[in-house]
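Chains, contacts and geometry: an overview
Each chain, letter by letter, is given below.
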2 protein chains.
Amino acid sequence: MSETLPGDPLRLEQQLCFPLYAASRLVTRLYQPLLEPLGLTYPQYIVLMILWEESPCSVSRIGERALLASNTLTPLLKRLEQQGLVQRSRAAHDERVVTIALTEAGQALRRDCACVPAKLYQQVGYPLDEARQLKAQLDTLLARLASLPPG
Amino acid sequence: MSETLPGDPLRLEQQLCFPLYAASRLVTRLYQPLLEPLGLTYPQYIVLMILWEESPCSVSRIGERALLASNTLTPLLKRLEQQGLVQRSRAAHDERVVTIALTEAGQALRRDCACVPAKLYQQVGYPLDEARQLKAQLDTLLARLASLPPG
DNA sequence: CGAATATAAGTCGCACACGATTTAATCGTA
DNA sequence: TACGATTAAATCGTGTGCGACTTATATTCG
């Protein structure tokens, strides 16, 4: 038998990728009960955070910040449009570009989301120091990953 | 206008959740070219790592370690079965339990995956110290998240 | 100018994730 | 021992992610 030994690089507990993957999913799950009453999914919430900072905004600009491509964003944005939170329109200066603008309702939703970060943070009860340090390290990793040559 | 200000908790760059979510996706994307030639997806690779450590193994045991439920695992395991990597069978002592056992091919695939962790690590070029520290912090966070009361 | 190229979004197909529900088997206990 | 509660998988529906491709528009340069 080719049993895995304690130091084997293929052991689950040796992986950096696994806690990253699992923690990401569990955090998304924690958001769900906070966002569901607002009719939002977690990726939709991410996109809205971008729009609350800059609206109007092109699809590719959103993709640049969320690191998502149009094949993910287009359906997501159509759902936000159907909920009346954003408006989609072709840019005049370049007909290829689709401009996403928050509606009144989309702007207003920001107030309902204001308490979400604090509520989530409180649920996890994660020490602030550790959280800050982890965020710094994740930001570094993310920057490195995002700068890797594609392919 | 309710513009977001630099210190606003709803700003994307203030979030811990976003780099977690984005880094997790980018890492999965990095695995893809390494796993695709072996006919594997990233979640399938995770499940196989568990099976390389303990096979046979029940579906719920896999779920316990991967933090995935049967609604995700059942289809995934059926695909692994179709590829001839695992065998699914009802346990004799309890007919509710489905036992997953690696086939010869499933065992053999472990050797082809042996180089995957090193290759990935090399691609990212992430300093070992930082990686170790980040992993420790993610393990801590994951333990905390997994121990939260459900609901 | 005009063809080749590049770019922005969208479409398609597949494989997750996961809440909610269902089905089947086992367990607990009156 | 019967029967309600519990448990293990599976099923179903929705919403991502993403590789591969298409479509429409703009740009470049011969």
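The structure presented is a predicted model; accordingly, all values stated were derived computationally and were not measured.

Calculation criteria
- Residues numbered from 1 in each chain as written.
- Chains lettered and ligands numbered in written order.
- Predicted model: local features only at pLDDT ≥ 70, side-chain atom pairs only at ≥ 80, totals over all residues.
- Heavy atoms only, no water.
- Axes fitted to C-alpha atoms, helices over the stretch in contact; angles between N-to-C directions.
- Helix = DSSP H or I, 4+ residues; strand = E, 2+ residues; numbered from the N terminus.
- Parallel < 35°, antiparallel > 145°, perpendicular 65-115°, else oblique.
- Left-handed = near helix turned anticlockwise from the far one by under 90°.
- Contact = heavy atoms within 4.5 Å.
- Nonpolar A, V, L, I, M, F, W, Y, C, P; charged D, E, K, R; others polar.
- Buried area = accessible area lost by both parts, 1.4 Å probe.
- Salt bridge = Lys/Arg side-chain N within 4 Å of Asp/Glu carboxyl O.
- Polar contact = N/O pair within 3.5 Å; in protein donor to acceptor, adjacent residues only side chain to side chain.
- Buried < 20%, exposed > 50% of the residue type's maximum accessible area, 1.4 Å probe, protein only.
- Near = heavy atom within 4 Å.
- Pairing = 2+ DSSP bridges.
- Least-squares fit on C-alpha atoms with pLDDT ≥ 70 in both.
- UniProt positions renumbered as here; feature names shortened; annotations may be inferred.

**Examining the packing of helix α7 (residues 128-146) of chain A against helix α7 (residues 128-147) of chain B**
At a minimum axis separation of 10 Å, α7 of chain A and α7 of chain B run at an interaxial angle of 130°. In terms of their interaxial angle, α7 of chain A and α7 of chain B are classed as oblique. Both α7 of chain A and α7 of chain B take part in a crossing whose hand is left-handed. Contact residues: E130, Q133, L134, Q137, L138, T140 and L141 of chain A in α7 of chain A; E130, Q133, L134, Q137, L138, T140 and L141 of chain B in α7 of chain B. Among the residues making up the contact of α7 of chain A with α7 of chain B, the classes are represented as six nonpolar, six polar and two charged.

**Observations concerning the interface of chain A and chain B**
The partner chain B presents 64 residues to the 64 residues of chain A that form the contact. Summing both partners gives a buried area of about 6,300 Å² for chain A against chain B, and 64% of it is carried by carbon and sulfur. If you sort the residues of chain A by the area they bury against chain B, L10, Y21 and E53 of chain A come out on top, with a joint share of 11%. Between E53 of chain B and R11 of chain A there is a salt bridge whose closest N-O contact spans 3.6 Å. Linking chain A to chain B there are 19 residue pairs in polar contact (both at pLDDT 80 or more).

**Considering the pattern of salt bridges**
Considering all chains together, one arrives at 22 salt bridges over all chains under this definition. Ionic pairing is found between R110 of chain B and D8 of chain A, a salt bridge with its closest N-O pair at 2.4 Å. A residue pair is termed interchain when its members come from two chains, as with R110 of chain B in helix α5 (residues 104-113) and D8 of chain A in the segment before α1 (17-35). Each member of the pair, R110 of chain B together with D8 of chain A, is buried. Between K135 of chain B and D139 of chain B there is a salt bridge whose closest N-O contact spans 2.6 Å. One end of the pair, K135 of chain B, and the other, D139 of chain B, are both in helix α7, four residues apart, so they sit about a helical turn from each other.

**What about the side chain of S58 of chain A?**
Residue and element names in this part refer to chain A. Residue position: S58 is located in strand β1 (residues 57-58). Of the polar contacts made by the side chain of S58, one reaches the side chain of S60; its length is 3.3 Å. For S58, the residues in contact, after removing those within four places along its chain, are V97, V98 and T99.

**Overview of the protein's contact with DNA strand C**
Inspection of the region around DNA strand C gives 25 residues, with Y21, S70, T74 and R88 of chain A together with N71 of chain B positioned closest. Per the 4 Å cut-off to the protein, sugar and phosphate atoms form 70% of the nearby atoms of DNA strand C. Within the side chain of Y21 of chain A, a nitrogen or oxygen atom sits 2.5 Å from a phosphate oxygen of DNA strand C. One nitrogen or oxygen atom from the side chain of R96 of chain A is found 3.1 Å from a base oxygen belonging to DNA strand C. Mapped onto the surface near DNA strand C, the elements with two or more residues apiece are α1, α3 (59-66) and α4 (70-82) of chain A together with α2 (42-53) and α4 (70-82) of chain B. When its residues are assigned to classes, the surface near DNA strand C shows six nonpolar, ten polar and nine charged.

**Side note on the sheet that holds strand β2 (residues 86-90) of chain A**
Residues and elements named next belong to chain A. If you trace the three strands from one edge of the open sheet to the other, you get β1-β3-β2, paired in antiparallel fashion. Across the chains shown, the open sheet's two edge strands, defined by having one partner strand only, are β1 and β2. Of the pairings in the sheet, the one linking β2 to strand β3 (residues 98-102) comprises five bridges and is antiparallel in character. Bridge pairing in β3 places R90 opposite V98.

**Thoughts on the relation of the copies chain A and chain B**
Taken as rigid bodies, chain A and chain B are interconverted by a rotation of 180° and an axial shift of 0.0 Å, the fit giving an RMSD of 0.0 Å. Between the two chains, the operation in question is that of a two-fold axis. Most of the interface of chain A is mirrored in chain B, where 100% of its interface residues again form contacts.

**Regarding the UniProt feature "domain: HTH marR-type" (unreviewed entry) in chain A**
Mapped onto this numbering, the UniProt entry annotates "domain: HTH marR-type" (unreviewed entry) at residues 13-147 of chain A. As annotated, residues 13-147 of chain A comprises 67% helix and 9% strand, and the C-alpha atoms at either end are separated by 27 Å.

**Description of the protein's contact with DNA strand D**
As a structural note, the neighbourhood of DNA strand D is formed by 26 residues, with T41 and N71 of chain A together with Y21, T74 and R88 of chain B the closest of them. Sugar plus phosphate, as a fraction of atoms of DNA strand D within 4 Å of the protein: 70%. Separating a phosphate oxygen of DNA strand D from a side-chain N or O atom of Y21 of chain B is a distance of 2.4 Å. The side chain of S70 of chain B places a nitrogen or oxygen atom 2.7 Å from a base nitrogen of DNA strand D. Those elements giving two or more residues to the surface near DNA strand D turn out to be α2 (42-53) and α4 of chain A together with α1 (17-35), α3 (59-66), α4 and β2 (86-90) of chain B. Grouping the constituent residues of the surface near DNA strand D by class yields six nonpolar, ten polar and ten charged.

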